[in-house]
Amino acid sequence: MHEAGGGPGARLARSWRSIVKRSSLIARQGRQPHGLLGQIVGRIMAHETEAANRIALQRLDLEPDDRLLEVGFGHGRTLAAAALQVTKGRLAGIDPSTVMLDIARRRNAKVLRTDRMTLILGASGRLPFGDGSFNKLLSVHTIYFWPSPERDLAEIHRVMETGGRLVIGFRPGEDAGFARDFPPEIYHIRSIAEVERLVSTAGFSDVDTMTRQMGAGQMAWTCARKAL
């Protein structure tokens, strides 16, 4: 979730990590931003997640007529970037935070008016979409907050069409600094092997993970296809 840099956004992000390390209450804002503090968290998240989300989009191999769902759209920047590539298809996002929903709606107001994009308040454990609705799906920095990831992945599997491509971005358990900086009662930290096993068990194939060092931490992107 880290991006190198020395500007105001980077300094704000470093301060956030320091606060999170000491406060479970503040850490909960990372899971579901709310209130005035949640708006500040949204600003920090927009900076911290930009690079990881950009790589996630690259791994999706987006096409103009794709049907894309982002689970946990947060600040909405990733869907805004995706909309520049998905020009003939459909984009949708779901997030449990009303604060993030408001931020994302403002950021994507122009696209939302065209009816090419839908943003919904809700959770990944119960997706309000029909079976096989999407052929591309991404979810970055959300798997930590799934206490029963089998349920969430089952829903993701359901709403994807056969052969559809999935990308899950996360900081893995192999990154010792992640466990050190983020309270385990809020962040369920999982290894790459565990995430790959969960994805495979949910019915996905061609499971593959790419890792990269980003700033002070490690980032992983697990990619898969809904099995034929």
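The structure contained in this document is the topic of the report that follows.

Conventions adopted
- Residues numbered from 1 in each chain as written.
- Predicted model: local features only at pLDDT ≥ 70, side-chain atom pairs only at ≥ 80, totals over all residues.
- Heavy atoms only, no water.
- Salt bridge = Lys/Arg side-chain N within 4 Å of Asp/Glu carboxyl O.
- Helix = DSSP H or I, 4+ residues; strand = E, 2+ residues; numbered from the N terminus.
- Buried < 20%, exposed > 50% of the residue type's maximum accessible area, 1.4 Å probe, protein only.
- Core = buried A, V, L, I, M, F, W, Y, C linked by side-chain atoms within 4.5 Å.
- Phe/Tyr/Trp six-rings, centres within 6.5 Å; stacked < 30°, edge-to-face > 60°.
- Pairing = 2+ DSSP bridges.
- Axes fitted to C-alpha atoms, helices over the stretch in contact; angles between N-to-C directions.
- Arc of directions from axis to C-beta.
- Contact = heavy atoms within 4.5 Å.

### Quick word on the pattern of salt bridges
Okay, step 1: In this structure the tally under the stated criterion is seven salt bridges.
Okay, step 2: The closest approach of N and O atoms between R158 and D131, which form a salt bridge, is 2.8 Å. In this pair, R158 sits in helix α8 (residues 149-159) while D131 sits in the loop between β3 (117-121) and β4 (134-140), placing the two residues 27 residues apart along the sequence.
Okay, step 3: Look at D131 and you get exposed, because its relative accessible area is 60%.
Okay, step 4: The shortest N-O distance in the salt bridge between R158 and E155 comes to 2.8 Å. In this pair, R158 and E155 are both assigned in helix α8, three residues apart and thus about one turn of the helix distant.
Okay, step 5: Given the relative accessible area of 15%, E155 is considered buried.

### A short note on the nonpolar core
Okay, step 1: Formed by 31 residues in total, the largest nonpolar core has its most connected members in L69 and I156.
Okay, step 2: Put simply, the parts of the chain that give this core at least two residues each are β1 (67-71), β2 (90-95), β4, α8, β5 (160-170), α10 (192-201) and β7 (217-226).
Okay, step 3: Ranked by size, the runner-up nonpolar core spans 26 residues in total, among them L62, L91, L101 and V167.

### Comments concerning the packing of aromatic side chains
Okay, step 1: Tallied over the full model, the rule gives six aromatic pairs.
Okay, step 2: On the basis of an interplanar angle of 85° and a centroid distance of 5.1 Å, the ring pair of F129 and F134 is categorised as edge-to-face. Exposure class is identical for F129 and F134. Each is buried.
Okay, step 3: Between F178 and Y187, the aromatic rings sit 6.0 Å apart at their centres with planes inclined by 80°, giving edge-to-face as the arrangement.

### Details of the pairing of strand β6 (residues 204-214)
Okay, step 1: Where β6 lies against β7, nine bridges are found, and the strand directions are antiparallel. Bridge pairing links T211 to A220 in β7.
Okay, step 2: Here β6 folds back onto β7, and the loop between the two strands holds two residues, one of which, G215, carries a positive phi near 60°.

### What about the sheet that holds β3?
Okay, step 1: Taken in spatial order, the seven strands of this open sheet run β3-β2-β1-β4-β5-β7-β6, and their pairing is mixed. Looking at which strands have only one partner, the edges of the open sheet turn out to be β3 and β6. Taken pair by pair, the neighbouring strands of this sheet meet at an average axis angle of 15°, ignoring direction.
Okay, step 2: Bridge analysis of β1 against β4 gives three bridges, and the strand direction is parallel.

### Looking at α10
Okay, step 1: Taken together, the buried positions of α10 are I192, V195, L198 and V199. Looking down the long axis of α10, one finds its buried residues gathered within 130° of arc, a one-sided arrangement. The exposed set on the far side of α10, more than 90 degrees from its buried face, consists of A193 and T201.
Okay, step 2: Looking at the buried side of α10, the elements it contacts are α8, β5, β6 and β7.

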